[in-house]
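Take a look at the letters that make up each chain.
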Amino acid sequence: MPISRDAKAGLKLFLGKAGCVHCHNTPLLSDDDFHVIGLHIDTGFSPHADPNETGRAANQALICGTTTADGDFSVNGAFQR
């Protein structure tokens, strides 16, 4: 089956102007880091979203740290086993 024109346009954006490949360039399509990419939060589409959300980076210490709740909620904590 041939690759559609839309798929080719998406790949061109992924590799070029959108720059997605800079972070999503591994087999897992992730660089395992948190990024605030500056997208506007539209509460019309997501009425429960917090328009002041700063992204997951603001919670990185909670997610990755060992000092909050003795590290139970970190990526290597008790609840990840």
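Just so it is clear, the structure is predicted and the values come from calculations on it, not from any experiment.

A tally of regular secondary structure across the protein gives two helices and zero strands. Per-residue burial over the protein gives 9% buried out of 81 residues. Carbon together with sulfur atoms contributes 58% to the accessible area of the protein, which is approximately 7,100 Å² in total.

In this section: unusual backbone geometry. With a phi angle near 55 degrees, L29 is a residue other than glycine that sits in the positive phi range. With respect to the secondary-structure elements, L29 resides in the loop between α1 (5-15) and α2 (60-64).

Going through the model one piece at a time under the given rule, you end up with zero disulfides. No disulfide involves C20; its sulfur sits 8.8 Å from the nearest other cysteine sulfur, which is in C23.

Conventions used here
- Residues numbered from 1 in each chain as written.
- Predicted model: local features only at pLDDT ≥ 70, side-chain atom pairs only at ≥ 80, totals over all residues.
- Heavy atoms only, no water.
- Helix = DSSP H or I, 4+ residues; strand = E, 2+ residues; numbered from the N terminus.
- Buried < 20%, exposed > 50% of the residue type's maximum accessible area, 1.4 Å probe, protein only.
- Areas by Shrake-Rupley, 256 points an atom, 1.4 Å probe, with all protein chains shown as cover.
- Disulfide = S-S within 2.5 Å.

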